[in-house]
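# Reading the structure
Residue-level listing of the chains:
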Number of protein chains: 2
Amino acid sequence: MESVLVLGGDGFCGWPTALYLSARGYRVGILDNLSRRRIDMELKADSLTPIASMSDRLAIWARLGHGDMPFFELDIARDYDGLRRVLREFKPTAIVHFAEQRSAPYSMAGSTHKRYTVDNNISGTHNLLVALVELDMDAHIVHLGTVGVYGYDGSEVPMPEGYIDVEVIGPDGTRYPRSILYPTEPGSIYHMTKSMDQLMFQFFAHNDRLRITDLHQGIVWGIQTHETRLHDMLINRFDYDGDYGTVLNRFLVQAVMRHPLTVHGTGGQTRGFININDTVRCLHLALQNPPKKGDRVKIFNQVAETKRVIDVAQMVARHTDAQIAFVDNPRKEAAENDLAVTNAGFQGLGWEPVLLHHEQLRETLEIVRRFRFRYAPETVAARSLWTREQKPGVVRKKVGNRHA
Amino acid sequence: MESVLVLGGDGFCGWPTALYLSARGYRVGILDNLSRRRIDMELKADSLTPIASMSDRLAIWARLGHGDMPFFELDIARDYDGLRRVLREFKPTAIVHFAEQRSAPYSMAGSTHKRYTVDNNISGTHNLLVALVELDMDAHIVHLGTVGVYGYDGSEVPMPEGYIDVEVIGPDGTRYPRSILYPTEPGSIYHMTKSMDQLMFQFFAHNDRLRITDLHQGIVWGIQTHETRLHDMLINRFDYDGDYGTVLNRFLVQAVMRHPLTVHGTGGQTRGFININDTVRCLHLALQNPPKKGDRVKIFNQVAETKRVIDVAQMVARHTDAQIAFVDNPRKEAAENDLAVTNAGFQGLGWEPVLLHHEQLRETLEIVRRFRFRYAPETVAARSLWTREQKPGVVRKKVGNRHA
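Analysis parameters
- Residues numbered from 1 in each chain as written.
- Chains lettered and ligands numbered in written order.
- Predicted model: local features only at pLDDT ≥ 70, side-chain atom pairs only at ≥ 80, totals over all residues.
- Heavy atoms only, no water.
- Helix = DSSP H or I, 4+ residues; strand = E, 2+ residues; numbered from the N terminus.
- Rg over C-alpha atoms; globule rule 2.2 N^0.38 Å.
- Buried < 20%, exposed > 50% of the residue type's maximum accessible area, 1.4 Å probe, protein only.
- Contact = heavy atoms within 4.5 Å.
- Areas by Shrake-Rupley, 256 points an atom, 1.4 Å probe, with all protein chains shown as cover.
- Lys, Arg positive; Asp, Glu negative; His and termini not counted.
- Charge placed at Lys NZ, Arg CZ, Asp CG, Glu CD.
- Least-squares fit on C-alpha atoms with pLDDT ≥ 70 in both.
- Pairing = 2+ DSSP bridges.
- Axes fitted to C-alpha atoms, helices over the stretch in contact; angles between N-to-C directions.
- Parallel < 35°, antiparallel > 145°, perpendicular 65-115°, else oblique.
- Left-handed = near helix turned anticlockwise from the far one by under 90°.
- Nonpolar A, V, L, I, M, F, W, Y, C, P; charged D, E, K, R; others polar.
- Expected span 1.5 Å × (residues − 1).
- Buried area = accessible area lost by both parts, 1.4 Å probe.
- Salt bridge = Lys/Arg side-chain N within 4 Å of Asp/Glu carboxyl O.
- Polar contact = N/O pair within 3.5 Å; in protein donor to acceptor, adjacent residues only side chain to side chain.
- Phe/Tyr/Trp six-rings, centres within 6.5 Å; stacked < 30°, edge-to-face > 60°.

## Describing the overall build of chain A
Regarding its fold elements, chain A presents 12 helices and 15 strands. Its C-alpha radius of gyration of 21 Å places chain A within 12% of the 22 Å reference for a compact globule of 404 residues. The dimensions of chain A, computed from C-alpha atoms along their principal axes, are 70 × 65 × 40 Å. Taken across its 404 residues, chain A has 66% of its residues classed as buried. Pairs at least 24 residues apart make up 82% of the contacts formed inside chain A by residues separated by at least 6 positions. Of the roughly 14,900 Å² of accessible surface on chain A, a fraction of 49% belongs to carbon and sulfur atoms. Here chain A contributes 48 positively and 48 negatively charged side chains, and the mean placements of these two sets differ by 4 Å.

See the structure below:
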């Protein structure tokens, strides 16, 4: 039986992935340092949904007839010996690696946050790679990257899956065909760490023949999966704060709370999107299709579609009668960009992605209404400024139905 | 007056650079955690030349009529507050950054060494970048990288200076011209960190408009510079051990000690070389030619010429009557490779490199003879194996004059 260790299995993507795999007969273990719960305390923010403790989550999951999932509370960036111990004890045949600080705004909040993000993400990922080599373990690593490593600034090149064919033009004009990692232009410290991860994966796949799949994921929307719906104690976390809330989920909370949907800049930023149910499906597909020993890193784009932020806001506004407020962009990024991302890899494995449609928002809106008493308005605004030149989010203009 | 803080100013390149700049009127400060001296103790190795303590070095330098050079004993990877304090106190207008673990074999010796190299090099460099942003300092960073980031495996593309023009070929065959960082294929954990540094530099140059120059240096040979010759207490370190000794310097020690010159594999590896006197000259040229605020990272190849290892060995053998012993290659690398590296950047600034010629070896040979009583034969062999498949260095064949 395949044994999958889910690093970061307490998080927004990790928890539903662990349940999905467990429900499908994998032997699943969860490793997490519970850092998201601690960062919530630091930010005085919280999941809109009341998430149960890990022990309650696991007790209910077992009571529902699924096997025990062992939980290892451990920091892979700081406790290398502990990591080795868990690997020897659990003997995973595959490792799903979500255990990185995943908020771009949090990574830009200040020196401490920048340093934490680099130290945590790089040392954690490197420790995992080193441990597998040291223990001579052939576990397939499936790592969650981000489509944001590619960069959004003015590139009109359709985003490939990791590699591109280029012709290098030599000093004398000679053309040399090569297949290279797509040159990254990350837009935050967080994205930079994912881009640095790529180089570590490339090295360990080449030097040590580790089997690695890297998934460049878009912005996730939605909350629940089939498994997290089975019991209130299994409910997934739902972030809507300025650091960890993803854009569509934040809009839905703002809409229910009758707050204007805050759009950064013009909203002309085009981004990749994916539903949380597709996140877990894609993870499963990646596990079922590992690279062979000695192969280069397998890279998939985990993106269902691309949308402009303003179009997402307008869809929510139309559907909920909300206003839209345009605020200064706290990020240093292109005001508007085109974006085409191929997802041929997963589509070729049979993936039929859920596309964004207002009908798909119903469950999230119901959950927001149910837990609106937990809403903390002071956490919603983006607080991190990318540089000294960026300004805190002053509202520049409001538009929308309630002005009409 | 330009104030230059030399990070790693106790090391093989850092110390002569600090003296060179001080002798030319720069206000120079040295920051170092003395890790090379500590690693020597760990490896039970030592510089062949007896290097003085930092306080003795600085006392003699001051007595020779040069100003005081402040010395800050500090670990930039672990003491961020200390680094900030030094930057505020010393107020450098430029920072020369040599403060990284620089031995490829040491970085591959085992899990602890891999993890130390990544944590030290990445956190140290990132801390420096973050501190400059936090303190709003516009110091020009000149960082020592390695020409090895480009990789040696089977690429026939001449190595450019950091960037290349490519045509990206889109899915429909459309060609998009772009200028990108040369795609790296580092061959060790050490080289990997330098490749990851590039991504950090790219991000901070773009997001925070830091002024950064990255120098991709070849293998350094030679020991002394004009300044380190001025007094025995100023003598530069001379590594010949299997981890930190660079190939030509190691051959010269072996030749004097009547030990065969140990060549890994066939010796068909082609590498870039540079004399230590050119290292300090290039550093000076880089300081005199900073990028402008907002520019992309300026990248120079700091390489005088390329040579096959076997050709370097044969030159030494001819000149010293030594034997050559071919041993198993402990590294995972192409057995033989071509290599063409442009150094047009520095040549365009007036650099006339010293080329390898047996006449140039005289001073090094004299120093080796003078300090041969300090020779520790047990430290010379390479000990780090790149993977489980590599074998410890068994001698396969000996050739050379003393067999003739």
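Text resumes after the structure shown.
## Focus on the relation of the copies chain B and chain A
Applying a rotation about an axis and a shift along it to one chain copy brings it onto the other copy. Relative to chain A, chain B is turned by 180° and slid 0.0 Å along the rotation axis, the superposed coordinates differing by an RMSD of 0.0 Å. Accordingly, the operation relating the two chain copies is best matched by a two-fold axis. Both copies present the same face, since 100% of the interface residues in chain B are matched by interface residues at the equivalent positions in chain A.

## Looking at the sheet that holds strand β7 (residues 175-181) of chain B
In spatial order, the strands read β7(A)-β6(A)-β6(B)-β7(B); together these four strands make up an open sheet with antiparallel pairing. Since the sheet does not close on itself, it has two edges, and those belong to β7 (175-181) of chain A together with β7 of chain B, each with one partner. Taking each pair of neighbouring strands and ignoring which way they run, the sheet shows an average axis angle of 40°. Across seven bridges, the pairing between strand β6 (residues 163-169) of chain A and β7 of chain A is antiparallel. By the bridge assignment for β7 of chain A, isoleucine 169 of chain A is matched with arginine 175 of chain A.

## Some remarks on the packing of helix α6 (residues 111-135) of chain A against helix α6 (residues 111-134) of chain B
Packing of α6 of chain A against α6 of chain B brings their axes to within 10 Å, and their N-to-C directions diverge by 165°. On the basis of their axis angle, the class for α6 of chain A and α6 of chain B is roughly antiparallel. α6 of chain B is crossed by α6 of chain A, and the crossing has right-handed handedness. On the side of α6 of chain A, the interface is formed by Ser111, Lys114, Arg115, Val118, Asp119, Ile122, Ser123, His126, Asn127, Val130, Val133 and Glu134 of chain A, while α6 of chain B contributes Ser111, Lys114, Arg115, Val118, Asp119, Ile122, Ser123, His126, Asn127, Val130, Val133 and Glu134 of chain B. Among the residues making up the contact of α6 of chain A with α6 of chain B, the classes are represented as eight nonpolar, eight polar and eight charged.

## Things to note about α6 of chain A
Residue and element names in this part refer to chain A. Taking 1.5 Å per residue, 25 residues should reach 36 Å; α6 reaches 35 Å between its end C-alpha atoms and fits that length. Burial runs high along α6: 21 of the 25 residues are buried. Where α6 terminates, the next one or two residues include aspartate 136, which has phi positive at roughly 55°.

## Some details on the packing of helix α1 (residues 14-23) of chain A against helix α3 (residues 54-63) of chain A
All names here are of chain A. In contact at an axis separation of 12 Å, α1 and α3 are set at 20° when each is read in the N-to-C sense. In terms of orientation, α1 lies roughly parallel with respect to α3. When you trace α1 past α3, the crossing you get is right-handed. Taking contact as the criterion, the partners of Trp15, Leu19, Ser22 and Ala23 in α1 are, on α3, Met54, Arg57, Leu58 and Trp61. Classifying every residue of the contact of α1 with α3 by side-chain character gives six nonpolar, one polar and one charged.

## Notes on helix α4 (residues 80-90) of chain A
Buried within α4 of chain A we find Tyr80, Gly82, Leu83, Arg84, Val86, Leu87 and Phe90 of chain A. Tucked into the core, α4 of chain A has its buried residues touching β1 (3-7), β2 (27-32), β3 (71-73), β4 (94-97) and α6 of chain A together with α6 of chain B. Remark: lysine 91 of chain A follows α4 of chain A within two positions and exhibits a positive phi of approximately 50°.

## Concerning the interface of chain B and chain A
Taken together, the contacts link 57 residues of chain B with 57 residues of chain A. Of the roughly 5,000 Å² buried where chain B meets chain A, counting both sides, 58% is carbon and sulfur surface. The largest per-residue losses of area from chain B upon contact with chain A belong to Arg115, Arg178 and Phe203 of chain B, which jointly make up 12% of the total buried on that side. Inspection of the chain B/chain A interface yields six salt bridges. Between glutamate 185 of chain B and arginine 178 of chain A there is a salt bridge, and its shortest N-O distance comes to 3.4 Å. Where chain B touches chain A, the interface holds 29 residue pairs in polar contact (both at pLDDT 80 or more). For the side of chain B that touches chain A, the secondary structure elements donating two or more residues are α6, β6 (163-169), β7 and α7 (189-207) of chain B. Ranked by residue count, the leading element in the side of chain B that touches chain A is α6 of chain B, at 12 residues. Considered class by class, the residues forming the side of chain B that touches chain A number 27 nonpolar, 13 polar and 17 charged. Strand direction decides the pairing type here: β6 of chain A and β6 of chain B, joined by three bridges, are antiparallel. Across the sheet, valine 166 of chain A pairs through a bridge with valine 168 of chain B, a residue of β6 of chain B.

## Digging into the sheet that holds strand β8 (residues 212-217) of chain B
Residues and elements named next belong to chain B. An order of β3-β2-β1-β4-β5-β8-β12 is seen for the seven strands of this open sheet, with the pairing classed as parallel. Each of the sheet's edge strands pairs with one partner strand only, and the pair in question is β3 (71-73) and β12 (298-302). Averaged over all neighbouring strand pairs, the angle between strand axes comes to 20°, with direction disregarded. As judged from the five bridges shared by β8 and β12, these two strands associate in the parallel manner. Residue glutamine 217 lies in a different strand from β12, and its bridge partner there is glutamine 302. Set on the sheet, helix α1 (residues 14-23) makes contact with β1 (3-7) and β2 (27-32); between it and β2 the angle comes to about 165°.

## Focus: the packing of aromatic side chains
All names here are of chain B. Here the structure, examined in full by the defined rule, presents 18 aromatic pairs over all chains. When the centroid spacing of 4.4 Å and the interplanar angle of 20° are considered together, the rings of phenylalanine 300 and phenylalanine 346 count as stacked. Linking phenylalanine 300 in strand β12 with phenylalanine 346 in helix α11 (residues 344-348), this pair joins segments that are 46 residues apart in sequence. Assessed through its relative accessible area of 7%, phenylalanine 300 is described here as buried. Here phenylalanine 346 falls in the buried class, since its relative accessible area comes to 0%.

## A short note on unusual backbone geometry
With the exception of glycine, the majority of residues adopt a negative phi angle, and the majority of peptide bonds are in the trans configuration. Residues and elements named next belong to chain A. If you check the backbone angles, lysine 44 has positive phi at about 50° while not being a glycine. Inspection of the secondary structure puts lysine 44 in the loop between α2 (35-43) and α3. A residue is classified by how much of its surface remains accessible, and lysine 44, at 69% relative accessible area, is exposed. At aspartate 321, a position not held by glycine, the phi torsion is positive, near 65°. Note on placement: aspartate 321 falls in the loop between α10 (309-320) and β14 (323-327).

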